[in-house]
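# Per-entry structural report
Take a look at the letters that make up each chain.
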Amino acid sequence: MILNSRLILALDVLSRDRALHLATALKDRVDYVKVGYPLILAAGLDIVGEIARIAPVIADLKIADIPNTNTLICEEVLDSGAAGIIAHAFVGRDSLSACVEAAREAGGLVFAVTEMSHPGAEELMGPAAERLARMAADCGVDGVVAPATRPERISLVRSIVGERAIISPGVGVQGGSPSAALKAGADSLIVGRSITESPNPAASADAILREIR
Ligand code: O7E
């Protein structure tokens, strides 16, 4: 995994032109651009390849199906140019392993979601997160997703996943602090609206980068 700026841009915009403009303007400030359902549904899967020609893409389809379907989804999105994929761990070891195998075949990265950053994640995901992180590490993922909104959970996940990468969303609009998340053990921050909805996205990214440094 690339860890230069330690910043991943969440490109949750609905216009292809806006997406390409933001990716071009911010490519030197971020290690990856995370592209998910909003942009892929609005602009089509080809947007993954288009953005990948500007900066490495992590495709965030939060894959959560039976092993065979997971394999097909991973193959399709990795084939479209993504450098990495994101899968849910809660679906189980066989389903997550299918994503790891597909990523290995394609030379891509795979990250597992073990606990999410929003309040509702405390209902069901929170209590299972430690088990999910352990299982994800056993499956051989490259990294896990842990919430910047709960830095203490990042520390806990770090104690479970060892050297594997922790990428962390929830900074800014969701209330998490970049420095607290990094201090707790995050390797990289995933940031969307604080940058994409800013009147000056580059300046907002720079402010976050200063805090990261
Ligand atoms: O709040 P923002 O605008 O900074 O955007 C955060 C991004 O991270 C957005 O794309 C959202 O879908 C994603 N995200 C979370 O906010 N919380 C999570 O727990 C997990 C993710 C996520 O990206 O998961 C896969 C890495």
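Note that the structure is predicted; figures quoted are calculated from it, not measured. (Residues numbered from 1 in each chain as written. Predicted model: local features only at pLDDT ≥ 70, side-chain atom pairs only at ≥ 80, totals over all residues. Heavy atoms only, no water.)

### Description of the UniProt feature "active site" (unreviewed entry) in the protein
What counts is decided by this rule: UniProt positions are given in the numbering used here, feature names are shortened, and annotations may be inferred rather than shown by experiment. Every helix listed is a DSSP run of H or I at least four residues long, and every strand listed is a run of E at least two residues long, numbered separately from the N terminus. Contact between two residues is taken to exist if any of their heavy atoms lie within 4.5 Å; hydrogens are not considered. Polar contacts, as counted here, are pairs of nitrogen or oxygen atoms within 3.5 Å of one another; within protein the pair requires one atom able to donate a hydrogen and one able to accept it, and residues that are adjacent in sequence qualify only if both atoms are side-chain atoms.
The UniProt feature table records "active site" (unreviewed entry) at Asp60, Lys62 and Asp65. Summarising the element assignment, aspartate 60 is placed in strand E3 (residues 57–63). Excluding residues that lie within four positions of it along the chain, aspartate 60 makes contacts with Lys34, Val35, Gly36, Tyr37 and Ile86. Position of lysine 62 relative to the elements: it lies in strand E3. Not counting residues within four places of it along the chain, the set of residues in contact with lysine 62 comprises Ile86, Ala87, His88 and Met116. Engagement of the side chain of lysine 62 in a polar contact is seen with the side chain of aspartate 60, the distance being 2.8 Å.

### Structural notes on a negative patch on the surface
Applied cut-off: Think of a patch as exposed residues, more than 30% relative accessible area, with no salt bridge, where like charges cluster within 9 Å and nonpolar side chains (Val, Leu, Ile, Met, Phe, Trp, Tyr) cluster within 5 Å. Under the convention used here, a 1.4 Å probe and the Shrake-Rupley method define accessible areas, while residue burial counts only the protein chains that appear. A pair is scored as a salt bridge if a Lys or Arg side-chain nitrogen falls within 4 Å of a carboxyl oxygen belonging to Asp or Glu. Positive charge is attributed to Lys and Arg, negative charge to Asp and Glu, and no charge count is given to His or to the chain ends. A charged residue contributes its charge at one atom only: NZ of Lys, CZ of Arg, CG of Asp or CD of Glu. The classification of residues rests on relative accessible area computed with a 1.4 Å probe and restricted to protein chains. Under 20% of the type maximum is buried, over 50% is exposed, and intermediate values are partly exposed.
Residues Glu75, Glu76, Asp79, Glu101 and Glu105 make up a contiguous surface patch of negative charge. Secondary-structure elements contributing two or more residues to the negative patch are helix H4 (67–79) and helix H5 (93–106). The leading source of residues in the negative patch is H4, at three residues. Along the chain, the position of glutamate 75 falls in helix H4. For glutamate 75, a relative accessible area of 45% corresponds to the partly exposed category.

### Observations regarding the site of the ligand
As a reminder of what qualifies: Near, as used in this document, describes a residue that has one of its heavy atoms within 4 Å of the molecule or strand being considered. Each residue is assigned to one of three groups, with Ala, Val, Leu, Ile, Met, Phe, Trp, Tyr, Cys and Pro labelled nonpolar, Asp, Glu, Lys and Arg labelled charged, and all others, Gly among them, labelled polar.
Every one of the 16 residues lining the ligand counts as a neighbour, but Asp12, Lys34, Ser117, Gln174 and Arg193 are closest to it. In this structure, an oxygen atom belonging to the ligand sits 3.2 Å away from a side-chain N or O atom of aspartate 60. In the model, a nitrogen atom of the ligand is placed 2.6 Å from a nitrogen or oxygen of the serine 117 side chain. Across the complex, the protein chains shield 90% of the 540 Å² of accessible surface that the ligand would expose by itself. Per-class residue counts for the shell around the ligand are eight nonpolar, three polar and five charged.

### Notes on the nonpolar core
What counts here: The criterion is simple. A nonpolar core is a set of buried Ala, Val, Leu, Ile, Met, Phe, Trp, Tyr and Cys residues joined through side-chain atoms within 4.5 Å.
The biggest cluster of nonpolar side chains holds 63 residues, and the ones touching the most others in it are Leu7, Leu11, Val35, Ile51, Ile85, Leu96 and Leu189. Non-local contacts of leucine 7, meaning those with residues more than four positions away in its chain, are made with Arg29, Val30, Asp31, Tyr32, Ser188, Leu189, Val191, Ile195, Ala205, Ile208, Leu209 and Ile212. With 14 residues, the next largest nonpolar core counts Ile8, Ile86, Ala121 and Ala165 among its residues.

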